[in-house]
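# Summary of structural features
Below, each chain spelled out in residue letters.
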Amino acid sequence: MRRRGAFIALMVAALVGASATPAGAAAPAYRYHFLSPGGQPRLTETVPVNVVFLGYEPGQVGKSAFTGQLAKKYEPVVRSRLSYDKVEKLGITYKYDYRLKYTDRAYEDTFFKQLSKLAKPAPLTQYQTAYNAQPGGVLDITANHTIDAPSVEKWLAFHPPAGVDTRRNTVFFINWYGRADFKFHVYTKTGEPDPDTGYDFGASRDSRKMIAWGGTTADDEETGLRSTRRVWFHDLSAGPESWTANYDVTNADVDGDGEADYRMPPIWEYRAGGYRAPSALAGDLGKITRYVALNLLMTTSPLYPVELPTAEPPRSINIDSNTYEGWPGVDASRQYTKPKLVVDELAELRWRNKVDYDNQDFALDAKNRQCYDGFESGVSCYPDSGLPSDANLFLYNRENLARTKDDGAKVDYELPVFNYVLPPDVDPSLLGFADDDWATGNQSYVFNFLSQSIVESGYGLSTTTIHEVGHHLGMSHPHDGYDSETGVDYGPSGSTFFAWSGDESNSMMSYIDVNWDFSQFDRDNSDRFLTAAYWEAANRLAATIPGGKARSDLVRADALLGLAKVAFAKHEYRAAYALADSAYGKVVAAAKKSGVDPGSAAKAMAAEADAARAVPDLHSPHEFIDTLDPDGPRAQP
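Rules used in this analysis
- Residues numbered from 1 in each chain as written.
- Predicted model: local features only at pLDDT ≥ 70, side-chain atom pairs only at ≥ 80, totals over all residues.
- Heavy atoms only, no water.
- Helix = DSSP H or I, 4+ residues; strand = E, 2+ residues; numbered from the N terminus.
- Contact = heavy atoms within 4.5 Å.
- Core = buried A, V, L, I, M, F, W, Y, C linked by side-chain atoms within 4.5 Å.
- Buried < 20%, exposed > 50% of the residue type's maximum accessible area, 1.4 Å probe, protein only.
- Phe/Tyr/Trp six-rings, centres within 6.5 Å; stacked < 30°, edge-to-face > 60°.
- Lys NZ or Arg CZ within 6 Å of the ring centre and 35° of its normal.
- Pairing = 2+ DSSP bridges.
- Axes fitted to C-alpha atoms, helices over the stretch in contact; angles between N-to-C directions.
- pLDDT = per-residue confidence, 0-100.
- Salt bridge = Lys/Arg side-chain N within 4 Å of Asp/Glu carboxyl O.
- Lys, Arg positive; Asp, Glu negative; His and termini not counted.

Before going further, it helps to spend a moment on the environment of Ser-242. With respect to the element layout, Ser-242 can be found in the loop between β9 (231-235) and α8 (281-298). As for Ser-242 and Ala-130, which are separated by 112 residues in sequence, their C-alpha atoms are 9.9 Å apart. Once residues within four sequence positions are removed from consideration, Ser-242 is found in contact with Tyr-127, Ser-207, Tyr-247 and Gln-636.

The structure is reproduced here in structure tokens:
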């Protein structure tokens, strides 16, 4: 790190020196190379995407049919703005470099021998049994085995086929079926129970038996890879399973919303007389690559702006928890929250911020309870506001915000979290949500819910807090996202029902509840987003600074942004983020020397947003609410 820091300092000095004006010469109008006052960042990355077909032959998965589903590039947008009819790009362009690999027989023999060693005999899951009970299935599953998913990810990460660099985004499509050593199987992730309740979803529920996994970080506390790799595998010869409902080969509409649900059946169903024609296989794997692996895991769009609603980008973030205690005899904020875990996990995502946590308890008073009940029943508790009942909790807590803020000027940003702890006779249908401001698409408050029924379902407050604050900081679910080339924001329903498979990854933002960490993909995306955010903040502030004695700071900022661009293109996202942050610091120094308020740019942006308030027919921002819908995958046994 010292050598890299010295190298960066030398590069900045060289770039600044090259732009210096000789003594006595008139200073020319300076043309910045990377700093663009008032403009957007210009970040580009050619993203290598390895796709490895392991057990699939070229005749099964034709290259042209597969690549015909893929996108050439991707430009992330702020998804929350879409509800307000605004497409806000981040200034990032990903250009995909697809590298397809069909493994040879020797590699397959080695891998499937390893898979067979890991396979442990197990009863059929209830979803395999349900598959067998359908008259349309092409075979009966006669036995089952469980295979530890992290062990498979680790083996693939460090034993790739020749020419495949798993430090870059890599998708393994696995097919064991058809070999003499094939065993019916599902993948498991166990040993990481909910920290507040001790309930191990991976061990206790058949719905958490999977067909895909990946995204584990080097330093994951439970299953860390010890070295950074970017691997996700997907196995249609596993299962069938609950999560993507691919056990159901009878009903077209599995979620009951009146629209046929597109899903990828088990591999043996791709045959004449099966659920899907063999010719559809290549296109289906292409859809998974584009609409799941790339759009939802590896190169995503943020749900909210990663630049938090503060005058300047914050250095310190306080998770300002406020708990409305309404469960008699239970101190939920103490019993069902692990503050250290919350801070540790969020600090891994926002590693350049100082993150801390505090909590205040309040009674669940009559007005607050009225607003909660109206939120659930569809009755506004602020009818004069003109906003629907979905805004009840936002409006109540905005009205009472002053009493909850307790850190004053000690931190740069108090991130407002409100925990609703409800009486035992209340059975909430939701775990939490990260709300917007009902005006611009900026993030506002985080809401979490707890009751006896939620605890009995296996959840406390800690993991919900981490997940919802993750949204507030910009992270999307791995089952919903944005497709750049079509301009469509989508979730796991209808033609993209198969997007549920993105949850089968080591991401805190998943619903599958078998891990409580942010994935390597989450970290990469956050660092990319923050690189763009600091670059844009530098551009915005630079536009307010007159020329003169501050020029040298702006020139240094320009040089640092140049280095950030290089690091970004080389996939060094942490370095790119740090360099963009440093560049912003140079622009702040220039502003102060010039007598400009460093927060002026942010204030101007807020004024612009206020001037373009919501269209009358705004969409509810609660489409991403995190529910315990009894018919949804999260609630299945």
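Formed by 115 residues in total, the largest nonpolar core has its most connected members in Phe-111, Leu-156, Tyr-187, Trp-232 and Leu-285. Each residue touching Phe-111, except ones within four places of it in the same chain, is listed here: Leu-54, Val-152, Trp-155, Leu-156 and Ile-174.

Another point: the packing of aromatic side chains. Scanning the entire structure with this criterion turns up 45 aromatic pairs. Look at Phe-182 and Phe-184: their rings are 5.0 Å apart centre to centre, the planes differ by 75°, and that puts the pair in the edge-to-face class. Among the residues examined, Phe-184 registers a relative accessible area of 13% and is labelled buried. An angle of 45° between the planes, with centres 6.0 Å apart, marks the rings of Tyr-372 and Phe-449 as tilted. Here Tyr-372 is found in helix α11 (residues 366-377), whereas its partner Phe-449 is found in strand β14 (residues 443-450), with 77 residues between them in sequence. Using a relative accessible area of 2% as the deciding quantity, one classes Tyr-372 as buried. The ring of Tyr-577 has Arg-352 sitting right over it, with the charged end atom 5.7 Å from the ring centre. It is Arg-403 that lies over the ring of Phe-362; its NZ or CZ is 4.6 Å from the centre.

Note that Asp-219 resides in the loop between β8 (212-214) and β9. Here the alpha-carbon distance between Asp-219 and Tyr-102, two residues 117 residues apart in the chain, equals 31 Å.

What the three strands build is an open sheet, ordered β4-β5-β7; its pairing is mixed. A strand with exactly one partner marks an edge of an open sheet, and here the two such strands are β4 (120-122) and β7 (186-188). When the angles between neighbouring strand axes are averaged without regard to direction, this sheet yields 45°. Pairing analysis gives three bridges linking β4 to strand β5 (residues 144-148), with the strands arranged antiparallel. The partner of Lys-120 across the bridge, within β5, is Thr-146. Sheet strands in contact with helix α6 (residues 149-158) are β5 and β7, and its direction is about 60° off that of β5.

Of the residues in the protein, 90% have a pLDDT of 70 or more, and the chain-wide mean is 91. Counting interchain partners and residues more than four positions distant, the pLDDT-below-50 stretch residues 1-28 has 19 contacts. Low pLDDT (under 50) marks residues 612-619, which in the prediction has ten contacts with non-local residues, meaning those over four places away or in another chain.

Time to look at the environment of Gly-239. Here Gly-239 lies in the loop between β9 and α8. In sequence terms Gly-239 and Glu-485 are 246 residues apart; their C-alpha atoms lie 32 Å from each other.

The amide bond that connects Gly-239 to the next residue, Pro-240, takes the cis arrangement and shows omega of 0°. On the secondary structure map, Pro-240 appears in the loop between β9 and α8. Positive phi values are uncommon outside glycine, yet Asp-85 reaches one of about 60°. By relative accessible area, which is 58% here, Asp-85 ends up exposed. The phi dihedral of Trp-438 is positive, around 60°, even though this residue is not glycine. On the secondary structure map, Trp-438 appears in the loop between β13 (430-436) and β14.

Ordered by their spatial adjacency, six strands build an open sheet running β2-β3-β1-β6-β9-β8, and the pairing between neighbours is mixed. Two strands bound the open sheet, and with one partner strand each, they are β2 (73-74) and β8. Here β2 runs beside strand β3 (residues 92-102); their pairing, made up of two bridges, is antiparallel. Among the inter-strand pairings, Tyr-74 is bridged to a residue of β3, identified as Tyr-94. Running at roughly 10° to strand β1 (residues 43-54), helix α17 (residues 551-569) makes contact with β1 and β3 of the sheet.

With that out of the way, let us pick up the pattern of salt bridges. Pairs can form between side chains of opposite charge whenever their charged atoms are close. Scanning the model with the defined rule gives 24 salt bridges in all. A salt bridge links Arg-167 to Asp-165; the nearest nitrogen and oxygen atoms lie 3.0 Å apart. Here Asp-165 falls in the partly exposed class, since its relative accessible area comes to 27%. Arg-230 is the partner of Asp-524 in a salt bridge, and the nearest nitrogen-oxygen pair spans 2.5 Å. Linking Asp-524 in helix α16 (residues 520-542) with Arg-230 in the loop between β8 and β9, this pair joins segments that are 294 residues apart in sequence.

Looking at where Asp-522 falls in the secondary structure, it is placed in helix α16. With no salt bridge to any partner, buried Asp-522 finds its closest opposite charge in Arg-523, at an N-O distance of 7.8 Å. What Asp-522 contacts, discounting residues up to four positions off in sequence, is Leu-349, Met-475, Ser-507, Met-508 and Met-509.

With respect to burial, β5 is a largely interior element, four of its five residues being buried. Across three bridges, the pairing between β5 and β7 is parallel. Counterpart to Asp-148 in the pairing with β7 is Thr-188.

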